[in-house]
2 protein chains.
Amino acid sequence: MRNLCMKVSYDGTDYCGFQTQPDGSTVQDALEKAIKLLTGEEVKIHASGRTDAGVHARGQVFNFITSSDIPVERWCIALNSRLPQDIIVWEAAEVPLEFHSRRSAKRKTYRYTINANQFPDLFQRRTQFHHPVKLDIAAMAEGLKHLIGTHDFTSFASRHSTKPSHIRTLYEAELVVDDSMCRPGTRDQGLIHIYVTGSGFLQHMVRIIVGTLLEIGKGRKKPGDMPAILEAKDRSKAGPTAVAKGLILWNVEYEAADENNLKSACDLPGFTVK
Amino acid sequence: MRNLCMKVSYDGTDYCGFQTQPDGSTVQDALEKAIKLLTGEEVKIHASGRTDAGVHARGQVFNFITSSDIPVERWCIALNSRLPQDIIVWEAAEVPLEFHSRRSAKRKTYRYTINANQFPDLFQRRTQFHHPVKLDIAAMAEGLKHLIGTHDFTSFASRHSTKPSHIRTLYEAELVVDDSMCRPGTRDQGLIHIYVTGSGFLQHMVRIIVGTLLEIGKGRKKPGDMPAILEAKDRSKAGPTAVAKGLILWNVEYEAADENNLKSACDLPGFTVK
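Residues numbered from 1 in each chain as written. Chains lettered and ligands numbered in written order. Predicted model: local features only at pLDDT ≥ 70, side-chain atom pairs only at ≥ 80, totals over all residues. Heavy atoms only, no water.

**Student:** Break down the packing of aromatic side chains for me, citing the residues and quoting the values.
**Tutor:** Residue and element names in this part refer to chain A. Under the defined criterion, the tally for this structure stands at 14 aromatic pairs over all chains. Seen from their ring centres, Y195 and W250 are 5.9 Å apart, and the 85 degrees between their planes marks the pair as edge-to-face. You can see Y195 sitting in strand β9 (residues 191-198) and its partner W250 sitting in strand β10 (residues 247-253), a full 55 residues away along the chain. For Y195, a relative accessible area of 22% gives the class partly exposed. Overall, W250 belongs to the buried group, its relative accessible area being 15%. Grouping aromatic residues by their ring pairs yields a cluster made of F62, F64 and W75. Residue placement shows R58 over the ring face of W250; its charged tip is 4.6 Å from the ring centre. (Phe/Tyr/Trp six-rings, centres within 6.5 Å; stacked < 30°, edge-to-face > 60°. Helix = DSSP H or I, 4+ residues; strand = E, 2+ residues; numbered from the N terminus. Buried < 20%, exposed > 50% of the residue type's maximum accessible area, 1.4 Å probe, protein only. Lys NZ or Arg CZ within 6 Å of the ring centre and 35° of its normal.)

Here it is in structure tokens:
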């Protein structure tokens, strides 16, 4: 028996999320089906975490136990030829049997992209939330900084969350503006990329953070309101949940020993997702 | 009566080309329908040229005569709200009545993108031809240079071309490699963008140029074969027609006076199409 770990990108537009569900097709279903077509085995894959319907991944990680002796370097191409075009496996490694994509994960990074230019970017429309409204971007960046650290994120979690604890640690949070596509003399404000890296994320947490930052950007909340929103532990104090399409699971990091198996897990530039 | 000129981007994946056809939906149909929804008028739009099924546009230009008195600055948003998500009008100007998008055009630029990395770029899969085969890219660039100038491009035109003359002028032709996404230690060769700017292009001309460059890249033809291929005026001497999805009508240029109406036609950075 071998434990194989893989990195996968997917365009979540046409899926009901990552995890297998009673109704609707999921990324997990597609991956397990492709593995069965290749090996004949009915495997259950374990991912670093689920992603919601419409959310994308650049570097989702999953692992599974297999008795197949197909060499590890053949797996990506063999699976991709059996997968739909909106899912691509781009790294495969054999890892110790005790490795588990979710339990072994140390840090996860998500990216959310708001296109604050006047017109949507046609070719990136599946991965950007177009929001052509005047925003105070500096205030948004300031608000985001208040979330760094270890907090009870109940205010930023779905009311349907069933986790016993809502305490999570946000290690890094950064707002990056790409104004390279702004047309001079227009109201274009650029692409706003919000990167958050943490120990783990609650259901809808990144999207509620972004929805709250948008309230700050529009002047309805102030950056300094963030500590009180956290303190309240009340979902109604935060902003709305931003739409799924702007969210990408960017990267998952593991212990150095595991990273060595997933050779380029850290330094990999990944795919162009502007 | 006013003559309105507009710039439009479209994702050609789901269209049977630009121009209205007996069967299948086209970009022209969608634009004319949106104009009718807005103004009630049945107009016929004139584009800078047709694009084939599956070919995209960043800066296609079209114009039409209207009796509508809607202010010019309102048109983009008004049309976009009546267009499907894969078509975006992003510039509108009133131009002299004698302006015609095709007849007044001075230069057209197309871009073709080959993804020569090991894995496709998931989020750009609609606009890149994935070709993970070892290529002699320097030879391809050298072959391309032989096409600059005024030539009879019969060898690089569809056999179905009905144009009375196949003489065209290629003003500029450039091959640009973007290796920013290459993963170290892999066979990734980068994104190969081929830009061609000319007085006009014959049916399939850019795609046959790219198909011939791919033959050179694979060593089946030599860069120095290009003059003889031109000279032969025989379609069978050139390479195959590259797939449509990698091709984007990048930009159309007009006389300075017309460009002033289309304010930012030259300096506009346009949309992210990596």
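**Student:** Any details on the pairing of strand β4 (residues 87-95) of chain B? Residues and values, ideally.
**Tutor:** Residue and element names in this part refer to chain B. Within β4, eight of the nine residues are buried, which leaves it mostly tucked inside the rest of the structure. With eight bridges joining them, strand β1 (residues 2-10) and β4 adopt antiparallel strand pairing. Opposite C5, over in β4, you have A93 as the bridge partner. (Pairing = 2+ DSSP bridges.)

**Student:** Before we move on, could you go through the UniProt feature "binding site: substrate" (unreviewed entry) in chain A and cite the residues and values that matter?
**Tutor:** Residue and element names in this part refer to chain A. Listed under "binding site: substrate" (unreviewed entry) in the UniProt record, and renumbered for this structure, are Y110. Within the fold, Y110 resides in strand β5 (residues 107-115). Overall, Y110 belongs to the buried group, its relative accessible area being 8%. Sequence-distant contacts of Y110, that is, excluding residues within four places in its chain, are made with R50, T51, I194, Y195, V196, F201, V206, L247, I248, L249 and W250. (UniProt positions renumbered as here; feature names shortened; annotations may be inferred. Contact = heavy atoms within 4.5 Å.)

**Student:** Which residues make up the packing of helix α3 (residues 137-145) of chain B against helix α4 (residues 205-217) of chain B, and what values go with them?
**Tutor:** Helix packing geometry: the angle between the two helix axes and the distance between the axes. Residues and elements named next belong to chain B. Put simply, α3 and α4 touch, their axes get as near as 8 Å, and they point 135 degrees apart. Compared by their axis directions, α3 and α4 come out oblique. Pair α3 / α4 crosses with right-handed handedness. Of α4, the residues touching α3 (which contributes A139, M140, G143 and L144) are I209, L213, L214, I216 and G217. Broken down by class, the residue content of the contact of α3 with α4 amounts to seven nonpolar, two polar and no charged. (Axes fitted to C-alpha atoms, helices over the stretch in contact; angles between N-to-C directions. Parallel < 35°, antiparallel > 145°, perpendicular 65-115°, else oblique. Left-handed = near helix turned anticlockwise from the far one by under 90°. Nonpolar A, V, L, I, M, F, W, Y, C, P; charged D, E, K, R; others polar.)

**Student:** Can you break down the pattern of salt bridges residue by residue, with the values?
**Tutor:** This structure, assessed with the given rule, holds 22 salt bridges over all chains. Connected through shared salt-bridge partners, A:D11, A:R126 and B:R125 make up one network. (Salt bridge = Lys/Arg side-chain N within 4 Å of Asp/Glu carboxyl O.)

**Student:** Describe the nonpolar core, naming the residues involved and giving the relevant values.
**Tutor:** Ranked by internal contacts, the top residues of the largest apolar core, which has 78 residues, are A:L31, A:F62, A:W75, A:F156 and A:I194. The next biggest cluster of nonpolar side chains, apart from the first, holds 77 residues, and it includes B:Y15, B:V61, B:L213 and B:I229. (Core = buried A, V, L, I, M, F, W, Y, C linked by side-chain atoms within 4.5 Å.)

**Student:** Outline helix α1 (residues 27-39) of chain B, listing residues and values.
**Tutor:** Over its 13 residues, α1(B) runs 18 Å from end to end, which matches the ideal 18 Å to within 8%, given 1.5 Å per residue. Considered for burial, the residues of α1(B) that qualify are B:V27, B:Q28, B:A30, B:L31, B:E32, B:A34, B:I35 and B:L38. (Expected span 1.5 Å × (residues − 1).)

**Student:** Just give me the short version of the pairing of strand β1 (residues 2-10) of chain A, but keep the residues and values in it.
**Tutor:** All names here are of chain A. Most of β1 sits out of view: nine of its nine residues are buried. Pairing of β1 with strand β3 (residues 56-66) involves eight bridges; the strand directions are antiparallel. Its bridge partner being in β3, N3 is matched across the sheet by I65.

**Student:** Hey, could you go over a nonpolar patch on the surface for me, with residue numbers and the actual values?
**Tutor:** Among the surface-exposed residues, A:M1, A:I65 and A:L97 lie close enough to one another that they form a single nonpolar patch of about 340 Å² accessible area. Structurally, A:L97 can be placed in the loop between β4 (87-95) and β5. (Patch = residues over 30% accessible without salt bridge, like charges linked within 9 Å, V, L, I, M, F, W, Y side chains within 5 Å. Areas by Shrake-Rupley, 256 points an atom, 1.4 Å probe, with all protein chains shown as cover.)

**Student:** So what's going on with the UniProt feature "domain: Pseudouridine synthase I TruA alpha/beta" (unreviewed entry) in chain A? Residues and values would help.
**Tutor:** Residues and elements named next belong to chain A. Per the UniProt record, "domain: Pseudouridine synthase I TruA alpha/beta" (unreviewed entry) is annotated on residues 8-101 and 145-255. Secondary structure content for residues 8-101 is 20% helix and 27% strand, while the C-alpha to C-alpha distance between its ends is 12 Å. Secondary structure over residues 145-255 splits into 19% helix and 28% strand, and the C-alpha atoms at its two ends are 26 Å apart.

**Student:** Explain the side chain of A:R168 to me, using residue names and the numbers behind them.
**Tutor:** All names here are of chain A. Following the sequence through the fold, R168 ends up in strand β8 (residues 167-178). D152 provides the closest opposite charge to the buried, salt-bridge-free R168, at an N-O distance of 8.3 Å. With sequence-adjacent residues up to four places away left out, R168 is seen in contact with G149, T150, H151, F153, K163, S199, G200, F201 and L202. (Lys, Arg positive; Asp, Glu negative; His and termini not counted.)

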